[in-house]
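Here is what each chain is made of, one letter per residue.
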Amino acid sequence: MKETSTNNAIDLRGTLCPMNWVKTKLILEEMEEGELLEVIIDEGEPMRNVPRSAKNEGHKIVKVETLEDNSCKLTIKRGVD
Amino acid sequence: MVTGNEYNAPSEATKVALQKEAAKLKLDFNELKSGGFIKQVQKNLFVVRLRCPGGSLTPEKLRKAAEIAEKYGTGEVHLSIRQSLEIIGVHHNNFSSVVKELKEVGWSVASCGPRIRVPNACGGCTWNPNGLMDTIKLCNEIDRNYFGVPTGHHKFKINISGCAIDCPDSRDADLGFQGILEPVLVPDLCNACTLCVKACEEQALVMEGDLPVRDDSKCIYCGDCVKVCPMDAMVRGKSGWLVRVGGKHGKHPIYGYEVAKFISDEQALSLVPKTLEWYRGIAVGRERIGTTLNKHGLQKYIEEVVKPLSLEAIETNEERKKYFSEGNIYK
């Protein structure tokens, strides 16, 4: 897969639901279709909510990495509006 | 000094006053209550409880309620604990006018007393993203078919939840329904991202090699893994209702017992009258079905109600355990 850009990134550790998704969504809205966004979220509730919301709104999670503190780095590919 | 007797005096006096008032007006207060008119502390005034299955209302009904509250009540409305709108301070002379005006918008008062109450429900899958089943559809069907049916013993409450979060408290109802789904993995689509494993609060999923494997003895069928899967590799297998029976609030609360799973809307609609028939026949006096179950044992209900309807029964406390977290009464 050709990764067009990974300049977009946000660390949302410590940000609670649903603000973590709201912040993610605001960045995605400014991006072009197919661009990538890296989001770091806490384990637990954010893990159940953020990926689900991204999926429901037509974006694609292309990569999931677990970090040392058990938080999670998602790479989200901007979907079509 | 206030003694115990003096402290109790006002409530006793109120009771006597109410009895006198009932006799004077030649009204049967219990009869009135069963129709959704509930006696207030204030002389001659009643709370009129309106029938709002699942708490759903239209703008037309809301306008009518406001109109009636201003015309016949004190102008106040109150949201009952079970999602119904109540008009406060209606004089008993105005009952027939209220009933007539409600009828204009196809509305009626709710039930009270020893009968099937207006069912409770959340938004279910209709607008709530957590919902797995159509709670509103089942709620309206139950209300349409069984609202107000006398039980012969005590009140009978039905609560319907769309998912395992269980906001409508299906555990606290005489009969509770909760939406569930069985996740099924399509291995070819899985990219081993592990999000499903991370999302599962029950630790029912573990990665074995490159694939998540589900332990059914832990899975509560909440559907979180299906919702989170970015590849649509974890998909909805069978879905339906988890059934709980015998829950109640009150001075001596009981958590409902899980008795069947993955039942359809049609099966749920047969379970209501079958359960009622069983309760009517076996309960003694004014007891809730939870008390009846505790006396006779849950297995009797399963043998006599769940199995004859060919439902997928939950028969052991071992299996029931997984639907609880802390405070599990089966521990």
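Preceding this section is the structure that the text describes.
Calculation notes
Residues numbered from 1 in each chain as written. Chains lettered and ligands numbered in written order. Predicted model: local features only at pLDDT ≥ 70, side-chain atom pairs only at ≥ 80, totals over all residues. Heavy atoms only, no water. 1 Å grid on protein atoms, 1.4 Å probe; cavity = no way out; pocket = protein on both sides within 12 Å on 5 of 7 lines; lining within 4 Å. Points joined across faces, edges and corners; volume = space filled by probe spheres on them. Nonpolar A, V, L, I, M, F, W, Y, C, P; charged D, E, K, R; others polar. Phe/Tyr/Trp six-rings, centres within 6.5 Å; stacked < 30°, edge-to-face > 60°. Helix = DSSP H or I, 4+ residues; strand = E, 2+ residues; numbered from the N terminus. Buried < 20%, exposed > 50% of the residue type's maximum accessible area, 1.4 Å probe, protein only. Lys NZ or Arg CZ within 6 Å of the ring centre and 35° of its normal. Pairing = 2+ DSSP bridges.

Caption draft 1: A look at empty space enclosed by the protein. Residues and elements named next belong to chain B. The tally for this structure, following the rule as stated, stands at two cavities of 30 Å³ or more. Computed from the structure, the largest cavity encloses a volume of approximately 100 Å³. Looking at the lining of the largest cavity residue by residue, the classes come out as 14 nonpolar, two polar and no charged. Quantified by volume, the second largest cavity comes out at close to 90 Å³. Considering the residues around the second largest cavity, the lining is formed by Pro-183, Cys-200, Glu-202, Ala-204, Leu-205, Arg-214, Cys-219, Ile-220, Cys-222, Gly-223, Asp-224 and Cys-225. Classifying every residue of the lining of the second largest cavity by side-chain character gives eight nonpolar, one polar and three charged.

Caption draft 2: Geometry of the packing of aromatic side chains. Residues and elements named next belong to chain B. The final tally for this structure, using the stated rule, is six aromatic pairs over all chains. Aromatic pair Tyr-221 and Phe-262: ring centres 4.8 Å apart, planes at 65°, arrangement edge-to-face. With Tyr-221 in the loop between strand E9 (211-214) and helix H8 (224-228) and Phe-262 in strand E11 (residues 257-263), this pair connects stretches of sequence that are 41 residues apart. By the burial criterion, Tyr-221 is buried, and Phe-262 matches it. Ring geometry for Trp-278 against Tyr-301: centres 5.3 Å apart, planes inclined by 80°, an arrangement best described as edge-to-face. You can see Trp-278 sitting in helix H9 (residues 265-282) and its partner Tyr-301 sitting in helix H11 (residues 298-306), a full 23 residues away along the chain. Neither Trp-278 nor Tyr-301 differs from the other in exposure class; each is buried. If you follow Lys-39 out to its NZ or CZ, it ends over the ring of Phe-46, 5.3 Å from the centre. The positively charged end of Arg-51 is found above the aromatic ring belonging to Phe-147, 3.7 Å away from the centroid.

Caption draft 3: Structural view of the pairing of strand E2 (residues 36-41) of chain A. All names here are of chain A. Burial within E2 is extensive, with five of its six residues counted as buried. Examined bridge by bridge, strand E1 (residues 8-11) and E2 share four bridges and lie parallel to one another. Along E2, the bridge assignment pairs Asn-8 with Leu-37. The sheet contact formed by E2 and strand E4 (residues 72-77) spans six bridges and is antiparallel. Looking at E4, one finds that Leu-37 is bridged to Ile-76.

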